Amino acid sequence: MQGIHWGLGMADYGDYKVLCPFWSKGSARENKIFCEGFCPDARLQLWFKGNEKKRKVFITKYCAMHYAMCPVYKITEAKYSERG
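Structure report, in brief. All of these numbers come straight from a predicted model, not from anything done at the bench.

1. Re the sheet that holds strand 2 (residues 32-36)
Phase 1 of the analysis: Across the sheet, which stays open at both edges, the 3 strands sit in the order 1-2-3 with antiparallel pairing between neighbours. Strands with a single pairing partner mark the edges of an open sheet, and in this sheet they are strand 1 (23-27) and strand 3 (43-47). Across the sheet, the axes of successive neighbouring strands diverge by a mean angle of 15 degrees, strand direction being ignored.
Phase 2 of the analysis: Pairing between strand 1 and strand 2: 4 bridges, direction antiparallel. Bridged to tryptophan 23 within strand 2 is cysteine 35.

Laid out in structure tokens, this is it:
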């Protein structure tokens with residue numbers, strides 16, 4: 001499996017804690033997380049409506065700890081499983 005980390009300049013909350021190989025970057029200003037997509041040359045954008053707390057909770061729960069349980073991880077990982 002080869003996750004792509006597009007966002008090398010990590011500056012937002014929890015970015016330094018992220019373990020998920022499909023993480024691209026986070027944006028506190030836009031309240032978003034960007035991840036590798038489930039099809040070639042695509043990215044997914046998770047937009048958390050409301051305050052930034054929802055995004056922080058998601059990062060802590062999935063991106064930084066239990067990424068294999070994340071719905072985005074599961075569908076993205078499937079593209080690599082199908083190749084094998």
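After presenting the structure, the write-up continues.
2. Description of empty space enclosed by the protein
Phase 1 of the analysis: Per the counting criterion, the structure on display carries 1 cavity of 30 Å³ or more.
Phase 2 of the analysis: There is about 60 Å³ of room inside the largest cavity.
Phase 3 of the analysis: Elements represented by at least two residues in the lining of the largest cavity include exactly helix 1 (53-63) and helix 2 (71-83).
Phase 4 of the analysis: A total of 3 residues in the lining of the largest cavity trace back to one element, the largest contributor, which is helix 1.

3. Description of unusual backbone geometry
Phase 1 of the analysis: The backbone of asparagine 31 sits at a positive phi, close to 60 degrees, despite the residue not being glycine.
Phase 2 of the analysis: Within the fold, asparagine 31 resides in the loop between strand 1 and strand 2.
Phase 3 of the analysis: Judged by its relative accessible area of 7%, asparagine 31 is buried.
Phase 4 of the analysis: Phi is positive for aspartate 41, close to 60 degrees, though the residue is something other than glycine.
Phase 5 of the analysis: Overall, aspartate 41 belongs to the exposed group, its relative accessible area being 85%.

Conventions used here
Residues numbered from 1 in each chain as written. Predicted model: local features only at pLDDT ≥ 70, side-chain atom pairs only at ≥ 80, totals over all residues. Heavy atoms only, no water. Pairing = 2+ DSSP bridges. Helix = DSSP H or I, 4+ residues; strand = E, 2+ residues; numbered from the N terminus. Axes fitted to C-alpha atoms, helices over the stretch in contact; angles between N-to-C directions. 1 Å grid on protein atoms, 1.4 Å probe; cavity = no way out; pocket = protein on both sides within 12 Å on 5 of 7 lines; lining within 4 Å. Points joined across faces, edges and corners; volume = space filled by probe spheres on them. Buried < 20%, exposed > 50% of the residue type's maximum accessible area, 1.4 Å probe, protein only.

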